[in-house]
Each structure stands twice: as C-alpha cells, then as structure tokens.
Amino acid sequence: MATISLLEHPRHTDHLRLRDGRTLTVRFIGADEGEALQRYFRNLSVGSRHSRFLGAMSELPPGELGHFLHVGENNRFSVLATVTTDGRETIVGEARYGFEAESGRFEFGISVDDLWHGQGIGAALIGNLECRAAALGAHVMFGDTLRSNEAMISLARKIGYTFMRHPDDWKLVRFEKPIDSIAEEIPCASWKLVAAQRALEAVA
Ligand SMILES: CC(C)(COP(=O)(O)OP(=O)(O)OC[C@H]1O[C@@H](n2cnc3c(N)ncnc32)[C@H](O)[C@@H]1OP(=O)(O)O)[C@@H](O)C(=O)NCCC(=O)NCCS
C-alpha cells in the first residue's frame, strides 16, 4: 500500500511557506544523499543529536544509514527539509516516519539544524508529515521524545498533541494526535495524488 517507486518520488515533493516568506521544500531523500545526510547530522549540536537519536550518537551507523536511504522499505520513509538560496540547496531539517497499516498508526522523529531553530521549520515539517500520514491512510500520529526535551514538548503541545507515558521507557514521553481530518485542511502532494487516484477510480 505504501510502496512508492523511485520514479514517483519527485511527485511527493512539497513547497511550504515559512514565516519569513522563504520556501521550505520537503522531499524524499535521494539514494545518493547518504554523505549529505551524515554531514547534516554531524553538524547538529551534541544536544540536538542526543534529542534526535534519544542517546549519544555522532552520525548514523552504516546499517541505519542504508535504511534511511531506502525510502518506502518496510513502510518507512525519510524526508529532507531544504531551503534554496542563490541556486544552492541546504538541508535544514529531516524527518523519518513509519506507517503500520494494521493499527493505522504513524510514528515520526524529526530534527532541525540548530542554526535554523525558531523559524517555524519544525512546526511546518510536522504539519506536512500529518498530511503525508493521512495520505497513507493513518489515523494517529505519534512520536517519542526525552522528558527533558522542552523544545519538542512545547512544539508538540502547541500543535495539538496530547502526552502519555511511554510504554517501556520512563525517560521518554509519547505525544500523539488523531489526524483523520487534517489532510483536507493542509493539502500536500501525497494527499493530492491519493485524491486524484480516488477520483479516477470513482469514474472507472
Ligand atoms: C524540536 C525542534 C524540532 C523544534 O524545531 P524548530 O524549527 O526550532 O521549532 P519551531 O520554530 O517550528 O517552533 C514552533 C514552536 O515550538 C515551540 N518551541 C520550539 N523551540 C522551543 C524551545 N527551544 N523552547 C520552548 N519552546 C520551543 C514554540 O512554541 C514555538 O512556537 P513560537 O516560535 O511561536 O514560539 C528542534 O528544536 C530540534 O531539531 N531539536 C533537536 C532534535 C529533536 O529534539 N527532535 C525531536 C525528537 S522527535
């Protein structure tokens, strides 16, 4: 259901408007962007990497990097958030998400480059993920974060997530939100593709 061929990847690209008028592009990671992603992670502050990976890590281990680069493998997807200035694209954030069709649950984790914090990128990226989740048929979005991660907890609270205990780890808190009606409010490319497909099926 969530399989998306390599040829279709560009059709799932979104362009979002940031507070300062700049355009944030959210797109699937390319298979050849492993080094760029590792550089992005290495450039994060120690604290941001710790928050993102829920532990000490300087970059992704090679096996994990391979999973990040195989978009759609096991219903798991990686997107990059980028800003282009003078023709030069910079990775300013990333997200990884996974969808479990049986439960309708969609799990995600995100990060934003420290230099780009506080500009609405995290909120915009999660809003976009909510639409991608709805397009996949998900009903609930959730993520786990360290109890000490004030930035992520404030962000999640601000955009309507509720909090609960993590089932296995007292150091973490889970945040969750139902997403059934969201995609129509904030359409994304994936949602438009699904809507177009449904319209075709309706007339067939
Ligand atoms: C959490 C994180 C993604 C937020 O990204 P961001 O782009 O800076 O967030 P935004 O600019 O969209 O902030 C939206 C809202 O979140 C809250 N927020 C963000 N950073 C905050 C901080 N440091 N302290 C308190 N509230 C904060 C605010 O309510 C903010 O709204 P405002 O700008 O109107 O005040 C970013 O801090 C990050 O990458 N941290 C490291 C990795 C991480 O923690 N990932 C989460 C694991 S799932």
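Computed from a prediction, not measured in an experiment: that's the story for all the values here. (Residues numbered from 1 in each chain as written. Predicted model: local features only at pLDDT ≥ 70, side-chain atom pairs only at ≥ 80, totals over all residues.)

### Quick word on the overall build of the chain
Looking only at helices and strands, the chain has 7 helices and 8 strands in total. Relative to the globule expectation of 17 Å for 204 residues, the C-alpha radius of gyration of the chain, 17 Å, shows essentially globular dimensions. Its C-alpha atoms give the chain principal-axis dimensions of roughly 55 × 45 × 35 Å. Counting only residues that meet the buried cut, the chain has 27% of its 204 residues in that class. Excluding contacts between residues fewer than 6 apart, the proportion of contacts in the chain whose partners are at least 24 apart in sequence is 63%. (Helix = DSSP H or I, 4+ residues; strand = E, 2+ residues; numbered from the N terminus. Rg over C-alpha atoms; globule rule 2.2 N^0.38 Å. Buried ≥ 20, exposed ≤ 12 C-beta atoms within 10 Å, placed from the backbone. Contact = placed C-beta atoms within 7 Å.)

### Some words on the environment of His67
Inspection of the secondary structure assignment puts His67 in helix 3 (residues 62-69). When sequence neighbours within four positions are dropped, the list of residues in contact with His67 reads Glu73 and Arg76.

### Focus: the site of the ligand
Around the ligand sit 23 residues, and of these Ser51, Gly122, Ala151, Ser154 and Leu155 come closest. Within the residue set of the shell around the ligand, elements represented by two or more residues are helix 2 (46-53), strand 5 (105-112), helix 4 (121-136), strand 6 (140-146) and helix 5 (150-158). Per-element accounting of the shell around the ligand gives the leading share, 6 residues, to helix 5. In terms of residue class, the shell around the ligand is built from 7 nonpolar, 13 polar and 3 charged. (Near = placed C-beta within 6 Å. Nonpolar A, V, L, I, M, F, W, Y, C, P; charged D, E, K, R; others polar.)

### Notes on the nonpolar core
Within the largest apolar cluster, 34 residues are counted, with the highest numbers of intra-cluster contacts made by Val79, Ala81, Phe106, Leu125 and Ala133. Only strand 2 (23-28), helix 1 (34-43), strand 3 (76-85), strand 4 (88-100), strand 5 and helix 4 provide two or more residues apiece to this core. Counting residues per element, this core draws most heavily on helix 4, which supplies 10 residues. The contact partners of Val79, leaving out residues within four places of it in the chain, are Val26, Arg27, Phe28, Ile29, Glu94 and Ala95. (Core = buried A, V, L, I, M, F, W, Y, C linked by C-beta atoms within 7 Å.)

### Some words on the sheet that holds strand 1 (residues 14-17)
A sheet is described by the order of its strands in space; here 8 strands give the open sequence 1-2-3-4-5-6-8-7, paired in mixed fashion. Each end of this open sheet is capped by a strand with a single partner; those strands are strand 1 and strand 7 (162-165). Shown here is a sheet whose adjacent strand axes are inclined to one another by a mean of 30 degrees, direction ignored. Alignment of strand 5 against strand 6, held across 3 bridges, turns out to be parallel. (Pairing = 2+ DSSP bridges. Axes fitted to C-alpha atoms, helices over the stretch in contact; angles between N-to-C directions.)

### Focus on the UniProt feature "domain: N-acetyltransferase" (unreviewed entry) in the chain
When the UniProt feature table is mapped to this numbering, "domain: N-acetyltransferase" (unreviewed entry) covers residues 24-180. The span residues 24-180 is 32% helix and 34% strand, and its two end C-alpha atoms sit 25 Å from each other. (UniProt positions renumbered as here; feature names shortened; annotations may be inferred.)

### Points about the packing of helix 4 against helix 7 (residues 189-203)
The geometry of helix 4 relative to helix 7 is characterised by a closest axis approach of 7 Å and an angle of 25 degrees between their N-to-C directions. Classified by the interaxial angle, the pair formed by helix 4 and helix 7 is roughly parallel. At the point where helix 4 passes helix 7, the crossing takes the left-handed sense. Side by side, helix 4 and helix 7 meet where Cys131, Arg132, Ala134 and Ala135 of the first sit next to Ser190, Trp191 and Val194 of the second. Considering only residue class, the contact of helix 4 with helix 7 consists of 5 nonpolar, 1 polar and 1 charged. (Parallel < 35°, antiparallel > 145°, perpendicular 65-115°, else oblique. Left-handed = near helix turned anticlockwise from the far one by under 90°.)

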